[in-house]
Amino acid sequence: MDFDLPEDIVALRDVVRRFATEAMRPYARDWDRDQYVPDELVSQLAELGLLGILTPENYGGAGLSYLANAVIIEELARQDGGVALLVAAHNGLCLSHLNLAASEQQKRKYLPKLTSGRMLGSWALTEPGCGSDAAALTTRAEPDGSGWRLTGHKQFITNGQRAGIFVVMARTDPQGGRRGISAFIVERDDKGFIVGKKEDKLGMRSSDTVTLDLEEVYVGPERLVGKLNEGYLDTLKVLERGRIGIGALSVGLARGALEESIAYAKQRVAFGQPIAEHQAIQFMLADMATAIEAARLLVYDAATSLDRGEDIAAKAAIAKLFASEIATCACLDGIQIHGGYGYTRDLPVERYLRDAKLCEIGEGSSQIIRMVIARELLRGRYVI
Amino acid sequence: MDFRFNDEQRQMRDAVRDFCVNEVAPKAEWRDHEGRFEDGLIEKLGQMGLFGTYVPEEYGGAGQDVITYIMTVEELSRACAATGILVSAHHSLCVDPILNFGTEQQKRKYLPKLASGEWIGCFSLTEPGSGSDAGAARCSAVETADGWLINGTKSFVTNGLQAHVIVLFAVTEPDNPRRRLSAFIVEKNTPGCTIGKVEKKMGIRASSTTELIFENCLVPKDALLGERGRGLHVALATLDGGRLGVAAQAIGIMEAALETALNYSKQRVQFGRPICEFQAIQWKLADSAVAIAAARALTYRGAWLKQQGRPYSAEAAAAKLFASEASSRVTNMALQIFGGYGYCVDYPAERLLRDAKITELYEGTSEIQRLVIARHILNNPEWVRRG
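Residues numbered from 1 in each chain as written. Chains lettered and ligands numbered in written order. Predicted model: local features only at pLDDT ≥ 70, side-chain atom pairs only at ≥ 80, totals over all residues. Heavy atoms only, no water.

1. A closer look at the pairing of strand E3 (residues 147–158) of chain B
Residues and elements named next belong to chain B.
Part 1: Judged from the 5 bridges that link them, strand E2 (residues 140–144) and E3 form a sheet pairing that is antiparallel. The residue of E3 that forms the bridge with Ala 141 is Ile 150.
Part 2: Connecting the antiparallel pair E2 and E3 is a turn made up of 2 residues.
Part 3: For E3 and strand E7 (residues 209–219), the ladder comprises 8 bridges, and the chain directions are antiparallel. Within E7, the residue paired with Thr 158 across the bridge is Thr 209. (Pairing = 2+ DSSP bridges. Helix = DSSP H or I, 4+ residues; strand = E, 2+ residues; numbered from the N terminus.)

2. Brief notes about the environment of Ile 157 of chain A
All names here are of chain A.
Part 1: Examined against the element boundaries, Ile 157 turns out to sit in strand E3 (residues 147–158).
Part 2: Accessibility expressed as a relative area gives 1% for Ile 157, which makes it buried.
Part 3: Spatially, the C-alpha atom of Ile 157 lies 18 Å from that of Arg 354, the residues being 197 residues apart in sequence.
Part 4: Beyond its immediate stretch of four places on either side in the chain, Ile 157 contacts Ser 122, Trp 123, Ala 124, Leu 125, Thr 126, Asp 208, Thr 209, Val 210 and Leu 212. (Buried < 20%, exposed > 50% of the residue type's maximum accessible area, 1.4 Å probe, protein only. Contact = heavy atoms within 4.5 Å.)

3. Some details on the nonpolar core
All names here are of chain A.
Part 1: Core analysis: the largest hydrophobic core is formed by 232 residues, its most contacted members being Leu 45, Leu 249 and Ile 373.
Part 2: Ignoring anything within four residues of it in the chain, the contact list for Leu 45 reads Phe 19, Leu 50, Leu 51, Leu 76, Val 83, Leu 86 and Val 87.
Part 3: Residues Leu 95, Tyr 110, Trp 123 and Val 238 belong to the second largest nonpolar core, which totals 27 residues. (Core = buried A, V, L, I, M, F, W, Y, C linked by side-chain atoms within 4.5 Å.)

4. Description of the packing of aromatic side chains
Working definition: an aromatic ring pair is given by the centre-to-centre distance plus the angle between the planes.
Residue and element names in this part refer to chain B.
Part 1: Following the criterion strictly, the structure yields 16 aromatic pairs over all chains and no others.
Part 2: Ring geometry for Phe 5 versus Tyr 300: centroids 5.4 Å apart, planes at 85°, classification edge-to-face. Taken together, the residues Phe 5 in the segment before helix H1 (7–24) and Tyr 300 in helix H8 (residues 279–308) connect sequence positions 295 residues apart.
Part 3: The class of Phe 5 is buried, set by a relative accessible area of 9%. (Phe/Tyr/Trp six-rings, centres within 6.5 Å; stacked < 30°, edge-to-face > 60°.)

5. Brief notes about the side chain of Ser 366 of chain B
Residue and element names in this part refer to chain B.
Part 1: Mapped onto the fold, Ser 366 is located in helix H11 (residues 366–379).
Part 2: A polar contact is formed between the side chain of Ser 366 and the side chain of Glu 325, at a distance of 3.4 Å.
Part 3: Look past the residues within four positions of Ser 366 in its chain and what remains in contact with it is Leu 321, Ser 324, Glu 325 and Glu 360. (Polar contact = N/O pair within 3.5 Å; in protein donor to acceptor, adjacent residues only side chain to side chain.)

6. A word on the pairing of strand E5 (residues 181–187) of chain B
Residue and element names in this part refer to chain B.
Part 1: The buried fraction of E5 is high, at 6 of 7 residues.
Part 2: As paired elements, strand E4 (residues 165–171) and E5 share 7 bridges and run antiparallel to each other. In the sheet register, Phe 169 faces E5, and the bridge partner there is Ala 183.
Part 3: Pairing of E5 with strand E8 (residues 224–225), which is carried by 2 bridges, proceeds in the antiparallel orientation. Note on E8: the bridge partner recorded for Phe 184 is Leu 224.

7. Overview of a nonpolar patch on the surface
Part 1: A grouping of Leu 161, Ile 195 and Val 198 of chain B is seen on the molecular surface, where their side chains present a nonpolar patch of about 220 Å² in accessible area.
Part 2: Relative to the assigned elements, Ile 195 of chain B resides in strand E6 (residues 193–198). (Patch = residues over 30% accessible without salt bridge, like charges linked within 9 Å, V, L, I, M, F, W, Y side chains within 5 Å. Areas by Shrake-Rupley, 256 points an atom, 1.4 Å probe, with all protein chains shown as cover. Salt bridge = Lys/Arg side-chain N within 4 Å of Asp/Glu carboxyl O.)

8. Regarding the packing of helix H7 (residues 231–267) of chain B against H8 of chain B
Residues and elements named next belong to chain B.
Part 1: Following both chains from N to C, one finds H7 and H8 inclined at 155°, their axes separated by 9 Å at the closest point. Taken together, H7 and H8 sit at an angle that is classed as roughly antiparallel. When you trace H7 past H8, the crossing you get is left-handed. Contact with H7, carried on its side by Gly 241, Leu 244, Ala 247, Ala 248, Ile 251, Met 254, Glu 255, Leu 258, Ala 261, Leu 262 and Ser 265, involves Ile 281, Leu 285, Ser 288, Ala 289, Ala 291, Ile 292, Ala 295, Arg 296, Thr 299, Gly 302, Ala 303 and Lys 306 of H8 and no other residues of that element.
Part 2: For the contact of H7 with H8, the per-class residue count stands at 15 nonpolar, 5 polar and 3 charged. (Axes fitted to C-alpha atoms, helices over the stretch in contact; angles between N-to-C directions. Parallel < 35°, antiparallel > 145°, perpendicular 65-115°, else oblique. Left-handed = near helix turned anticlockwise from the far one by under 90°. Nonpolar A, V, L, I, M, F, W, Y, C, P; charged D, E, K, R; others polar.)

9. Side note on the interface of chain B and chain A
Part 1: Across the boundary between the two partners, chain B contributes 46 residues, which contact 44 residues of chain A.
Part 2: Summed over both sides, the interface of chain B with chain A buries roughly 4700 Å², with 70% coming from carbon and sulfur.
Part 3: When residues of chain B are sorted by the area they lose upon contact with chain A, Met 1, Phe 3 and Leu 378 of chain B head the list and together hold 19% of the total.
Part 4: Here Arg 370 of chain B makes a salt bridge to Asp 287 of chain A, at a shortest N to O gap of 2.7 Å.
Part 5: Run the count over chain B and chain A and you get 16 residue pairs in polar contact (both at pLDDT 80 or more).
Part 6: Those elements that provide at least two residues to the side of chain B that touches chain A are helix H4 (66–79), H7, H8, helix H9 (313–337) and H11 of chain B.
Part 7: When residues of the side of chain B that touches chain A are assigned to their parent elements, the largest contribution, 16 residues, is made by H8 of chain B.
Part 8: In the side of chain B that touches chain A, the residues fall into 30 nonpolar, 4 polar and 12 charged. (Buried area = accessible area lost by both parts, 1.4 Å probe.)

10. Describing the environment of Leu 239 of chain A
Residues and elements named next belong to chain A.
Part 1: For Leu 239, the location among the structural elements is in helix H7 (residues 231–267).
Part 2: Remark: the alpha-carbon pair of Leu 239 and Ala 317, spanning 78 residues in sequence, is separated by 9.8 Å.
Part 3: Ignoring anything within four residues of it in the chain, the contact list for Leu 239 reads Trp 123, Leu 125 and Glu 363.

Listed below in structure tokens is the structure:
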């Protein structure tokens, strides 16, 4: 057993922490208000290697571990949940799917563009009519010569507004169910591909979330990612791995709420003493800290297991479920500790709550996650 | 970074689990109903080396690490929570302070017999008038020409009936708030030391919880454990380790609860299906698994830090706080899964619920744990981002 982060990851963490504090914290409120981050930020993220975290170095990536990824995402989320989500979706969904299933040719064509930040990546599974029930998706890919024509709608697609490359899941076998879905690379300029409405969201507002419309978008055979009709299996793996990132994101937001609360409680005076002296406040802080400790450990356990190549279906689910739910609680308590000031936009705590709520929903709602954990328990694949 | 047991620890875990399944679990219900440990249990535990897991071999122990020790408490508690605390109170609260604060002479005198289980140990800090407010203890130890004269009443001593050796905390300087208490090693058969009330408890009923009454009990000069006046420091340092043990006990209880509820849910049929197919049941199973995973991560990280010789008070408090409160939730969920049968003594669920509650109370109530954690993060805010 060893619970220390490797030194190189600690060093990386400190770099990202400094960046998040200096280049993100002062602007996070504006970005949340405007639902937009400047191009300059994307360039800065690329320069730090944060747009190719898990991608091998020979494709321009940083070639880091899932543990490093979790540490990075937590540090970004500490200051701006939406930016963390942008990075998590780019790395943990789009690039993850390509790293997993793309051909050598596809990797050489697309990965350097993504890792350098020349293009952001997006990943499109969800549709207006199917979120949790993802396998029931209806976007269809009809054979056309050696390629396909994609027609359908995608919903709640992160990074869609800026992305140059989209991994899109579509049905290639109408009778195939989960075994009739394939993944395709769609480029922004493909004819018939329309980036639609941008959602006006409760939180994660600095991250763009859009609809996509596909009207007979032609994709050639070189655009199929992985095997025909086996896209859904890859999708499930991508989601599984992505959950660790969302868990880390949740930890970052919760930690933000705690850190702000500790600082506030030490200087805010009520009844003749700093409110940090009152047990009611101390107890909330203690519970937040305990929950964050446990959540982080669960995320690290899942990440290190994945780095070793182990099956992480249950561990990733457990980490995401626990971290996201405690984050919402911690952010609620964070607002409470700040009292009336916590309710205003002047302070970041209310934004942390609005950001945190997404983590209970995206990349597998808490309800789906519980189904996954129960299934792993009942089938004896996760043993107590 | 690696959260797994190493090969040696895994092997030990398998051996201990085997022992627990065959030698400890079958009589768990009996122990609860009878309110005592069966003859021969302590000998069996002793033969397995479970009373001295991290006592160095030179003192007759198994020479293993703290992680392995915490694993033994987890496994024992999974089989029988009362047996778990028998070992944990002995090892974490009596053996540990002698190991850490004892003179070479004291270690050589007490550790070998404690490690083998020939002697059982206990820890006596609490009094009727001072639990959480441990510093307000009144039992006194007055220095005389012939030794220390001890007078007072202690309460809630785990292992009180079985113990031969007591790590006792008494007032040696009543008017010095910073150096009020001192720690002592007292042999229970010393004249003037008697067992008072034996508590009847809600759970861990086989574990003995007793008063100790000291009436002009004279112990030798060299019974002093650690520096005079540093008793509270000895107590709190010792309780840090004890908290990991209680956390492990809570985890074991939760594991037993989930295992039994999981199995029950697979075979109980209602509305034409095993109830494990209903989301209402699946949600409880999933939430239990999550709680256990979180508790284990916190607890083993604490154990690892202790093994490394690094500060771990806040981590131990967090582990104990979380694991104990989770164990009440998880055992309650497990009982609910059993439905009406869960309420009957024929099924293990109600005993697990009754056993779980104590973990929120002893070795520092949840309220005290929260104070420890809060004080730590207010004084060290960088702790929350140390990773």
